Structures are given as structure tokens and as C-alpha cells.
Amino acid sequence: MTATSPTSPAIDNSCRLPLFALLGGAAVWLALSSVFGLIASLKFHAPAMLANCAALSYGRAFPAWSHLLVYGFCLPAGVGVGLWLLARLGRVELVKPWLIVMGAKLWHVGVLVGLLGILSGQNTGFEWLEMPRPAAVILFLAFVPITVSAFATNARRSEISLFPSQWFVLAALLWFPWIFSTATLLLQVFPVRGMVQASVAWWFSGNLLNVWLPLAGLACTFYVLPKLTGRPLQSHYLALFAFWTLILFGTWTGIPAHAPLPAWMPTLSGVAGMMMMIPVLAVAASVIKTCCGVKTSCGGGPLCFTRFGAASLVLATMLLAVSACPQASRVTDYTWFGHGQTTLRLYGFFGMTMFGAIYYIVPHLVGPDRVCPRWMRINFWFVMPGTLLLALPLVVGGITQGLKLVDATIPFVDVAKSTLMALRISTLGEVMITLGNLIFLFNIVAAFFGYYWSVGKTVCAQATVLEPARVRP
Amino acid sequence: MKSSALVFLTAFIALSASWSGFVLAPQLQLGRAAQAKTVPVQDQYPVARPGLAAQGAEVYRSLGCVYCHSQSVGQEGVKCEIVLTDAGTNTPTTLGALGKLNSAFGHADTLAALPKTLMSVADMNAADPILKAIGSTGAKAQVIVSALGPDISRGWGRRRTVAQDYLFDLPAQPGDRRAGPDLANVGLRQPDVSWQLRHLYAPAAEVSGSTMPPYRFLFELRKLGKLPSPEALPLPSQFAASAGWEIVPTAKARALVAYLVSLRADAPLFESPFTAPAPAAAPAVAPNSPAK
């Protein structure tokens, strides 16, 4: 640290409003997304429910869920937390925070436009990229000022050497605009022909789910774990290895084994999927070595969230690697297995890691006692079992569905019916996650509003005292 | 790593590699694909969908049908059946050649009821020498190639789907999930427009135990005029509208069904050949037949 580096409170001051804009919106979209997820899930209990409402049919509620979850929650939360990490670790105030606030507001407008587009039937038809073109353009334009400010912040850092979290954040900030602009341009602005579209869409979703989410999530894991356990990160080399292998292999995942494309593409993607075990085992080793021997009980706090997130990443990636083997993909392809793996990644890994990081960061921004520890614990005990209840039945149900699907003597109606039990159990998980997400929204909004309310009261009190007190020395 | 330039460089190299692999390379390999000729009959494939079906593709996309229905058929190898069609005139030599292939074929019964399926082999490399051995005696044999695999056995297609099938699709929706059956060849399986409309309105009326949600918003509940509308949907009593009302499909429903019955990926192509004749099971109902 150099003599001129700003103090931590000054850094947090510069981060407060941008992070409120990003994280507050993210919490709102997250709660709304789980409501759509619940609507979609209820269709497996009563298919005729809401049958007269096109906007809430399964084919629109489901993409609304994934759109709000990924673009409403994951992106702004990951970027918001990443910005704070860049500022904190670089020991520098955020450069031009108003650029980020502007970008965040525009981003949320883009998410809203995308949501309305999906509900009114303007979806693009590409999974994980459903928002119509105007929304995609708004989202891209919103991301630019945020990236500019982030890179400028990083360039002005006073702590020169980079901590592993910073590599992950910087790579994530490069990754998203690239994959998003490629996919939007080649699918919606100058659409390519036939199956090339599907290839681009799969490349995009693979990079989004298997690279971007781990990059943004692991940045938090590697920062929060050492802070909470009071032990140094074990070790920088392991983190470096995980970083390189993650971006090297993860970026080739995404194309399913059954894709009607030239055979080299699914084959290459399958190999990359199996190779994903390498970075994830490095992450597991690093997390275990950092946490081992720590006696502090996590008690539903940020440490609980972060550790559960890391475990979910390991489990989800193991499922990804298994389903990349040809013998297994013959069974798991086209089933709920893949969706179970993705929900475990989104809610179990990314959501939980973000909750942990946000619960760690927010007290720095608004004061230590504005998040009630009890409500934080309740949040954990809703979302953690909810995630398991949502994802694991889908994984198990997907395997039994696949085994029946490859047996052509079983009529298809029986195959479809056999999945209903798993889907109905997962609805219970969805209900718990929805409640947990509402608690999260309440915690975040209460913390920030509590802070701004007290600031407002102070200002008001100062403004109304007698004249001499207002004269500045 | 101390320098953020190094981080950007490694990220750039990794991402540009997969960008070249999964964005640029397929564009070079498939991006300029045009209509291809089917084999052995030299037809153009695929052909663009007729107008109403093209509108229906938009309805299919906007309703998110892809979240439950794939349009992609898998295949696990082929079966080459060798069929003796003509015994020729030199019977003893033919029987001798056949007897060398399998001693069970060595007697005169083999030539009694032609065409006769002799054997089934795994590929054309195995079939060619057998054909030559039979052909050299003056007899005639042919190979019937058919696809294998659970999807084919379910009747979801006659061959696997290939990139050529999606040439004119925008968006191309091969799909990742089968909460419902594969639709790549639904137009072959169920070409009856009236059935498709009834199934959309009340899936359980047509498929007992169906888990598909009904798409009632694609239909209009209309007060019965002096005469029932010719377009009104004939439904079983428990799904029918109450007395004095009728259920009429909207333009969207008609377009969607026109798209569904247009779905067929069954042209034999160089990359996915087959010569097996169409199964006789599919009900041969003309798409424009009057509603029953």
C-alpha cells in the first residue's frame, strides 16, 4: 500500500450507490424470477392451470424465469460484487461511480424490456438468450460504461500486485461483452444460416454458464473464504491453475452430444466437459485447504453460503463431466438431468456464493448492524434445502427418464408421466427458494434503505438547526 | 500474475480459440450451405415452407414450444438388409454361391418366394462382397438400408436429423429437452389437421394421460349463430363448449398446425442415407380432408 492510497471507508463510500443500484435491482429480479419459476413448475401439477393466459404459459414463464435469473440477478450481482473487489483489492476508489449507476439503471431497463418481450411472445427462440433484439442492445450499451469504469478503476489501483479474485473479475468483464455481442450479432442482427445458429447459441450458453458464472463466483469465493476463516488463500498457485484450466476448457463446453452438427464439434465439447473436472478439483482442494482446521462455526452466515456454493460448483461440474461421456449422454441427453445440473449451478453455486459475498460486503457499505443476522440465517435455511430439493430430484428423475426414453418399448406417455413425481418434488424446492429470495430482497432493501433513511434524517436535522451550526469552519 | 495485461492476454487467447472453433469454423463449414440433392432420387432438399406454415414457425417460437419438444432425431448405426429379388437362370450356381454365404441357403427353398430377406449386416462394407458374390451368378440382390436406435423405433423419424434439415429455419431449434415427444417428423406421424387442432385445445382428449398443457388461448369461444361455423372444432362431450357456444381455432392456431404438419425430416441424404420404404402405419389422411 502506498502512502496516497485511500482508506477503506473512502473506498466503500465510492461503492455504495453503484452497488445499491446493481444489487438492489438484482434482488428484485431474483425474487420475480422465482415467481415465474414457480408458475412454470406448477404446470406439472395442473397442466390446465392458467391455460387461457398466453403470457403465463409454460413456454413463456420458463424463459422469463431463466432471463430474470441470469440477466436480472446473476449479471448485475456478479458485476456489482466484482467492482467492489476491484476497488477494495486495488486500494482505489471507484472511478466515475455515476457511470456505473447509469449503466446499472439502463441494465435494469433492458432486463424489463426483455421480460416484456418474452411474455408477449417476442422471444428469440434461443435458450439463455431469449430477450428480443432491443433488449439485447440496451443490455450491451448498459454494460459498456460499467466495464469502462471497472477497467479505469483497475488501471488506477495503488496495490499493484493482483490477488486471484482480480484475475477472475477482469476475465469475466472481458468475457461477457465478447460472447454477448457475438451471439446477438450472429443470431439477431445478421443471422447466420441453419445449424450455425444453434452452434453459436450453444457456444454462448456454454461460455455463460460454465465460464462466466464460475469466473464471477470464484472471485468471491477466493476473497471471502480467507477473510472469514482468517487464513491465507491456499494457494495462489492453485488458484492460478484453476483460472487457466477453467478458461481453457470451459470455453469449449456447451454443444450437446446429440447435436446435429459435424461430429467433431460435439466430440470436442464432450472432451472439454470432462476436462472441467480439473479446474474444479483445484478449486475444491483450495477451498478445503483454506477452510481446514477452522473452528469458527458458520451458523448460517456468509461462510455457510460460500462453502455451500463451492460444494455445489463441484457437484454440478461432476454432473456436467459425467453427462459429457458418450455412454452417459445417451441416457441423460434430452432429459431433466441437464436442467437439474444447471439449476444446481445457478442457485446452488452462483446464487449462494453471491448471497455470501453480498452479506459480507453490505455491512461494509451501510454499517455493521443493518443486516439482521437472524434473517440472514433464515435466508440460508430456506435457500439451501430449497436448492437441493429443486436440483436433486431433477437429476435423479432425469436419469430414470433417460433410461425409459432409450427403451423404445415403453410408450412415451409413460415416460413423460414417470418424471412427474420428480418435477412435483422440485416444486417444493422452488417454493422454498422463492421464500428465501423474498427474504433476501427484504434484507438488502432494508439495509440500504435503513442507511439512506438515517443519512436523510441527519441531513434533515442539520438543515433545521439554528444558523450558527450550519456555518462551515 | 502481477499485470492485468497478462490476465487479458490469457483470457483473449482462450476465448478466441473457442470462438474460432465453435463460431467461425461452423460458419466456414456450414454457413454457405445451400439446397442439396437427395439420394438416389435427385430432389432438392430442403424446400422452404409454404406461407401459412412459415407463419406457424413464428407461433412455435413465440410460444416457446422448444422448452418441451426437441426437433432432433438420434440414430445408433444402420442395418443393411440383403434382399434377394431375382434368382436368375443359373439356379445351381446361385444356390452354390448362397450356400457358401450360409449353409441354410443352399437348397432350392431359398429361391421359392422372392423377394426374400437373406441376412442383415452392419454396413455397406460388409454388404458389398455379398452382393458381388450373388451378382456374379446372374441372380439379383439389393440392400435395404435403415436406421437403428430408440428414436427410430419410437417412430420419431426414419433417419437421424442432420444440419441440412435446419437450413431454412430461423431460429433453428433442435431443442435440448423432451418433456414431450420429438417433433422433427410430426407431420409424417400425424398429418391430420383436425387432430392437431383438437390436441392443441385439449391434449388429454386425443392422448390419454398427456402431460401437455392445453393451449386454449389459441381458440375462440364463439356464440353459436344460425348454423355452426364450418371451422368449429368437433370435440368429445366432456371437452366441448356449453350449449349455444362453439370453439373456433384462431389464425394463430391454424398457422401453428400448418407448421406442425409440415414438419418432416425424411429425405434420404448423402450424409444420412436410407432406402427402407415408409412404414405403412401412418394414417394416410390428406391434410385438406374435411373435419370429422
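What counts as what
Residues numbered from 1 in each chain as written. Chains lettered and ligands numbered in written order. Predicted model: local features only at pLDDT ≥ 70, side-chain atom pairs only at ≥ 80, totals over all residues. Heavy atoms only, no water. 1 Å grid on protein atoms, 1.4 Å probe; cavity = no way out; pocket = protein on both sides within 12 Å on 5 of 7 lines; lining within 4 Å. Points joined across faces, edges and corners; volume = space filled by probe spheres on them. Helix = DSSP H or I, 4+ residues; strand = E, 2+ residues; numbered from the N terminus. Nonpolar A, V, L, I, M, F, W, Y, C, P; charged D, E, K, R; others polar. Contact = heavy atoms within 4.5 Å. Buried area = accessible area lost by both parts, 1.4 Å probe. Salt bridge = Lys/Arg side-chain N within 4 Å of Asp/Glu carboxyl O. Polar contact = N/O pair within 3.5 Å; in protein donor to acceptor, adjacent residues only side chain to side chain. Buried < 20%, exposed > 50% of the residue type's maximum accessible area, 1.4 Å probe, protein only. Axes fitted to C-alpha atoms, helices over the stretch in contact; angles between N-to-C directions. Left-handed = near helix turned anticlockwise from the far one by under 90°. Pairing = 2+ DSSP bridges.

Colleague: Report on the layout of surface pockets, specifying residues and quantitative values.
Modeller: Taken as a whole, the second largest pocket holds about 830 Å³ of empty space. Taken together, 41 residues make up the lining of the second largest pocket; nearest its centre are B:H69, B:G180, B:P181, B:H199 and B:M212. Looking at the lining of the second largest pocket, the elements with two or more residues in it are helix 2 (58-90), helix 14 (412-418) and helix 15 (420-464) of chain A together with helix 6 (186-189), helix 7 (193-201) and helix 9 (251-262) of chain B. The element that contributes the greatest number of residues to the lining of the second largest pocket is helix 7 of chain B, accounting for four residues. Grouping the amino acids of the lining of the second largest pocket by side-chain chemistry returns 26 nonpolar, twelve polar and three charged.

Colleague: Break down the interface of chain B and chain A for me, citing the residues and quoting the values.
Modeller: How big an interface is tends to be reported as the loss of accessible area on association of its parts. At the interface, 70 residues of chain B touch 84 residues of chain A. Of the roughly 6,300 Å² buried between chain B and chain A, counting both surfaces, carbon and sulfur atoms make up 66%. With a shortest N-O distance of 2.5 Å, B:E76 and A:R330 are connected by a salt bridge. The tally of links from chain B across to chain A stands at 25 residue pairs in polar contact (both at pLDDT 80 or more). Every element with two or more residues in the side of chain B that touches chain A is listed here: helix 1 (4-30), helix 2 (51-62) and helix 5 (150-153) of chain B. Here the side of chain B that touches chain A gets 20 residues from one element, more than from any other, and that element is helix 1 of chain B. Of the residues assigned to the side of chain B that touches chain A, the class counts are 38 nonpolar, 22 polar and ten charged.

Colleague: I'd like a rundown of the pattern of salt bridges, residues and numbers included.
Modeller: This model, assessed by the stated rule, comprises twelve salt bridges over all chains. Here B:R177 makes a salt bridge to A:E127, at a shortest N to O gap of 3.3 Å. Remark: A:E127 occurs in the loop between helix 3 (97-119) and helix 4 (133-155) and B:R177 occurs in the loop between helix 5 and helix 6; the pair is interchain, linking two chains. Exposure remark for B:R177: the relative accessible area of 8% places this residue in the buried category. Three or more residues are tied together by salt bridges with common partners; here these are B:D151, B:R178 and B:D182.

Colleague: Provide a residue-level description of the packing of helix 1 (residues 8-42) of chain A against helix 12 (residues 337-366) of chain A, including the pertinent values.
Modeller: Residues and elements named next belong to chain A. Helix 12 packs onto helix 1 with a crossing angle of 145 degrees between their chain directions and a minimal axis gap of 11 Å. Along this stretch, helix 1 crosses helix 12, giving a crossing that reads as left-handed. On helix 12, the residues that touch D12, C15, R16, L19, L23, L30, S33 and S34 of helix 1 are Y347, F355, I358, I361, H364 and L365. A class-by-class count of the residues in the contact of helix 1 with helix 12 yields nine nonpolar, three polar and two charged.

Colleague: Outline the sheet that holds strand 5 (residues 140-147) of chain B, listing residues and values.
Modeller: All names here are of chain B. The three strands are arranged 4-3-5 in an open sheet whose pairing can be described as antiparallel. With one partner strand each, in any of the chains shown, strand 4 (116-121) and strand 5 form the two edges of the open sheet. The mean angle between the axes of side-by-side strands here comes to 25 degrees, regardless of whether they run parallel or antiparallel. Running at roughly 165 degrees to strand 5, helix 4 (residues 124-135) makes contact with strand 3 (78-86), strand 4 and strand 5 of the sheet.

Scope: geometric values only; no functional claims are made or implied.
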